[in-house]
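Secondary and tertiary structure notes
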Amino acid sequence: MKTATINTDTSTLSENGIQFPSKVMLDLHNLKKVYPTPKGDYVVLEDLNLQIMKEEFVTIIGHSGCGKTTMLSMIAGLNPISGGNIAVLGNPVKGPGPDRGVIFQAPSLMPWMTALENVLLGVNQVFPHASKKERKDIAKYYLHKVGLDGSFDKKAIALSQGMQQRVGIARAFAIKPKVLLLDEPFGMLDSLTRGELQDILIEIWNKEKITAVMITHDVDEAIFLADRVVMMTSGPSAKIGDILNIDFERPRTRKSVLEHDDYYKYRKHLIEFLEH
Amino acid sequence: MKQSITLNKITQLMGFGFLKPITALFTGKPQKEDIVNFLKKIIVPLLSILLFLGVWQGGSTALFNKEANFKIEKALADQGQAAADEMRACIASGEISCQPNTLPSPSQVWASFKTLLEDHKVISADKLAFKEKTAVMNEKRIAAGKEPITYTGRPSFVDQIFTSLKTVFAGFLLALVIAVPIGVVIGLSTTLRSSFNWLIQIFKPVSPVVWLLLVFMIVKTLTKDSNSDSAFIISFISVGLCSMWATLVNTAMGVSSVDKDYINVAKVLKLGPMQKVFKVILPSSLPLIFTGLRITLSVAWMVLIAIELLAQSPGLGSFVWEEFQNGAIDSNSKIIVAMFIIGIIGFLLDRIMLTIQNMVSFNKNEGV
């Protein structure tokens, strides 16, 4: 069980830049994002500070347009930083890279490739020295883990939205990233499929323990998956509003979570934050 | 049952979806809705063909009568009543020398079509005979290091069709080889795109005739000291240059408008520039590239006729022009035959491209 609070581990870098053993995986320091507009600068994020520990699963919740996705794409390196800094294990983020796997809101598979080829695209890139068979085995292993045993050679376009997102999950895990970034990955799915995919995600995550940051709109999803739920204030100049520790034991099942005494307490806390 | 499914799939893929009612009627048990479908999709279009032929027949009869009356009245005014009566009798008898020269009727066109086929048979037989006759002599000539004697007789209508197809494919390949690589390069770079845009915008609307003249100026000089077939070279290069713009513009557009999600995936995976182009950008722009190639082929076929006509290059274009100059009694109907053949071949070429386009397109809803 994790009782991660922000203050257990303050700094990853000393003054002279030597790195100390640290539990912090991802460090956002005074992060700022400004979009210039004809009417002057529009500040999306300001003074955003957040530290995410190794092997921690953090969900981020907040109103639409508050800058959650902006923050995530800045961590991914797809969106330039306007001020402050982001560091992964003490190394500042300078651009996108496979150490930060991303699961996008749309599955974003290459429609002309098969499921296997889509996963291999990343695996080939990250394990260039492995033999062809080894790389195939890695890709197949993760496709098996997301329950796509029979669909290796199906074209991505022939898969349902839910199956496509499963491939997206396999692709992200298969490149063994240090941090996994999930941008509302189940937002476009119906609630039944969403539940299935949450189970699959948490099952693989339990095994791999990759530090994960996930954006969601769904309060139940946020509680079920996370060690900590980060609540963001509404923009402009959004920052961290509140952080809620979810002290359920892992591995969790949906049933055990729903029946836990604290569940409705957490849920009430989150909804109250969102309603203000 | 399985057979009919695959048959339907093939016709669908080739854009011959309209044949589905027929295949449905003759494979498996016909249902009531199959019969209704058959009536709707086969009988009604057939009626439209009959209507077309009827209007054509009526129109050509009216034109024929007008031309005939004019001739009779002219004879009356110039030479008096006897000459007019003679002219009327001559026209009614179907005598070739006094037939009015106007739009031919469908039956005349059909007759000319058969004449052209007969003509082709005669010429082919002639060619074969010539080949047999000269076979021994040619062997000797080749052995002696001389050029073999080739058949120099008049080409038949069918030969002209194949010459035209050869020219159009040469032009199409030229367009493909030029336009696709340039389109990819331009599509990848905003700077190049904006700096070469003026060139594309200015040259795209230039008429085929002007392209022909430009190519003529250059090729004439380049082939001065070789005995290559410069008429063919000029016409296929002009066809290529006229028709390549659609492919160029579509390729550049396809490459520059690749889905941002795919680009983000490529960025996250840190794909190298080559991999990015060949694994992400090109496959995702293939449907648009093929749309461009399809337009290119149909434009190539359309301008080919005009270019052959002007470049004195053999083919359907010069066939039409020669018939027009010829002014024989069946020249007009031969021109109409050529018109139908040109249209049908253009349609078939378009269907072939559509089939290829549907095969490479990952999004099955694209391309109609």
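Residues numbered from 1 in each chain as written. Chains lettered and ligands numbered in written order. Predicted model: local features only at pLDDT ≥ 70, side-chain atom pairs only at ≥ 80, totals over all residues.

Across its full length, chain A holds eight helices and ten strands. Against the globule reference of 19 Å for 276 residues, chain A gives a C-alpha radius of gyration of 19 Å, in line with a compact fold. Summarising its shape, the C-alpha atoms of chain A cover approximately 45 × 45 × 45 Å along the three principal directions. Here chain A holds 276 residues, and the buried ones make up 41% of them. In chain A, once contacts between residues fewer than 6 apart in sequence are set aside, the share between residues at least 24 apart is 70%. (Helix = DSSP H or I, 4+ residues; strand = E, 2+ residues; numbered from the N terminus. Rg over C-alpha atoms; globule rule 2.2 N^0.38 Å. Buried ≥ 20, exposed ≤ 12 C-beta atoms within 10 Å, placed from the backbone. Contact = placed C-beta atoms within 7 Å.)

Glancing now at the overall build of chain B. The number of helices and strands found in chain B is 13 helices and zero strands. Mapped from its N terminus to its C terminus, chain B presents α and β elements in the order α-α-α-α-α-α-α-α-α-α-α-α-α. A globule of 368 residues ought to have a C-alpha radius of gyration of about 21 Å, yet chain B, at 27 Å, is considerably larger. The dimensions of chain B, computed from C-alpha atoms along their principal axes, are 95 × 70 × 50 Å. In chain B, the share of contacts with a sequence separation of at least 24, taken over all contacts with a separation of at least 6, comes to 70%.

The subject of this paragraph is the interface of chain B and chain A. Facing 14 residues of chain B, the contacting portion of chain A comprises 16 residues. No other element matches helix 10 (residues 260-268) of chain B, which puts six residues into the side of chain B that touches chain A. Looking at the side of chain B that touches chain A, its residues break down into eight nonpolar, two polar and four charged. (Nonpolar A, V, L, I, M, F, W, Y, C, P; charged D, E, K, R; others polar.)

Below, the discussion takes up the sheet that holds strand 9 (residues 228-232) of chain A. Residues and elements named next belong to chain A. With mixed pairing, six strands are arranged side by side in an open sheet as 6-7-8-3-9-10. For this open sheet the edge positions go to strand 6 (100-103) and strand 10 (240-245), each flanked by a neighbour on one side alone. Going from strand to strand, the sheet's axes swing by 20° on average, the running direction of each strand aside. Inspection of the sheet shows strand 7 (residues 179-183) paired to strand 8 (residues 211-215) by five bridges, in the parallel sense. Bridged to leucine 180 within strand 8 is alanine 212. (Pairing = 2+ DSSP bridges. Axes fitted to C-alpha atoms, helices over the stretch in contact; angles between N-to-C directions.)

All names here are of chain A. Taken domain by domain, chain A consists of domain 1 (23-99 + 179-188 + 196-276) and domain 2 (111-176). The C-alpha centroid of domain 2 is placed 26 Å from the C-alpha centroid of domain 1. Facing ten residues of domain 1, the contacting portion of domain 2 comprises 15 residues. It is helix 5 (residues 191-208) that contributes the most residues to the side of domain 1 that touches domain 2, five residues altogether. (Domains from an automatic or database assignment.)

We now examine the nonpolar core. Counting 133 residues, the largest nonpolar core has A:Ile75, A:Val119, A:Val213 and B:Ala300 as the members making the most contacts within it. In terms of residue count, the dominant contributor to this core is helix 11 (residues 273-311) of chain B (16 residues). Apart from the residues lying within four places of it in its own chain, the contact partners of A:Ile75 are A:Leu26, A:Ile86, A:Val93, A:Arg100, A:Leu181 and A:Val213. (Core = buried A, V, L, I, M, F, W, Y, C linked by C-beta atoms within 7 Å.)

On to helix 8 (residues 208-222) of chain B, then. Residue and element names in this part refer to chain B. Given a rise of 1.5 Å per residue, 15 residues ought to cover 21 Å, and the 21 Å separating the end C-alpha atoms of helix 8 matches this to within 8%. For helix 8, the set of buried residues is Pro208, Trp211, Leu212 and Val215. The inward-facing, buried residues of helix 8 abut helix 9 (230-256) and helix 11. (Expected span 1.5 Å × (residues − 1).)

Turning next to the domain arrangement of chain B. Partitioning chain B into domains gives domain 1 (2-98) and domain 2 (155-360). One C-alpha centre belongs to domain 1 of chain B, the other to domain 2 of chain B, and the line joining them spans 33 Å.

All names here are of chain A. Mean pLDDT over chain A works out to 87, with 92% of the residues at or above the 70 mark. Per-residue pLDDT, averaged within each element of chain A, yields its smallest value for helix 7 (residues 254-259) (87) and its largest for strand 8 (95). Within the model, pLDDT remains below 50 along residues 1-12, and this stretch shows 20 contacts once partners closer than five positions in the same chain are excluded. (pLDDT = per-residue confidence, 0-100.)

Turning next to unusual backbone geometry. With the exception of glycine, the majority of residues adopt a negative phi angle, and the majority of peptide bonds are in the trans configuration. For the peptide bond that leads from A:Arg250 to A:Pro251, omega is -10°, which places it in the cis range. With respect to the helices and strands, the residue A:Pro251 is situated in the loop between strand 10 and helix 7. Despite not being glycine, A:Glu55 has its phi angle at roughly 60°, a positive value. Structurally, A:Glu55 can be placed in the loop between strand 2 (40-53) and strand 3 (57-61). The phi angle at B:Lys270 is positive, at roughly 55°, despite the residue not being glycine. Mapped onto the elements of the fold, B:Lys270 is located in the loop between helix 10 and helix 11.

To continue, consider the environment of A:Leu180. Residues and elements named next belong to chain A. As for its placement among the helices and strands, leucine 180 is situated in strand 7. The class of leucine 180 is buried, set by 23 C-beta atoms lying within 10 Å. Measuring from C-alpha to C-alpha, the distance between leucine 180 and lysine 145 comes to 17 Å, with 35 residues separating the pair along the chain. Beyond its immediate sequence surroundings of up to four residues, leucine 180 is in contact with Gly101, Ala172, Ile210, Thr211 and Ala212.

This brings us to the environment of A:Phe104. By secondary structure assignment, the location of A:Phe104 is in the loop between strand 6 and helix 2 (115-126). The buried category is assigned to A:Phe104, around which 23 C-beta atoms lie within 10 Å. The sequence separation of A:Phe104 and A:Asp27 amounts to 77 residues, and the corresponding C-alpha distance is 21 Å. If we skip the residues at most four places from it in the chain, A:Phe104 touches A:Gly168, A:Asp183, B:Asp261 and B:Asn264.

Here the focus is the sheet that holds strand 5 (residues 91-92) of chain A. Strand pairing in a sheet relies on backbone hydrogen bonds, with the paired strands running either antiparallel or parallel. Spatial ordering of the open sheet is given by 2-1-4-5 (chain A), a layout of four strands whose pairing is antiparallel. Across the chains shown, the open sheet's two edge strands, defined by having one partner strand only, are strand 2 and strand 5 of chain A.

Below, the discussion takes up the packing of helix 6 (residues 157-188) of chain B against helix 7 (residues 190-203) of chain B. All names here are of chain B. Interhelical geometry of helix 6 versus helix 7 gives an angle of 120° and a closest axis separation of 5 Å. Relative to helix 7, helix 6 is oriented oblique. In this structure, helix 6 uses Val185, Ile186 and Gly187 to contact helix 7, whose residues at the interface are Leu192, Arg193 and Phe196. Across the contact of helix 6 with helix 7, the residue classes break down as four nonpolar, one polar and one charged. (Parallel < 35°, antiparallel > 145°, perpendicular 65-115°, else oblique.)

Residues and elements named next belong to chain B. Note that glycine 254 resides in helix 9. You can call glycine 254 buried: it has 23 C-beta atoms within 10 Å. Sequence-distant contacts of glycine 254, that is, excluding residues within four places in its chain, are made with Gly187, Ser285, Leu288 and Ile289.

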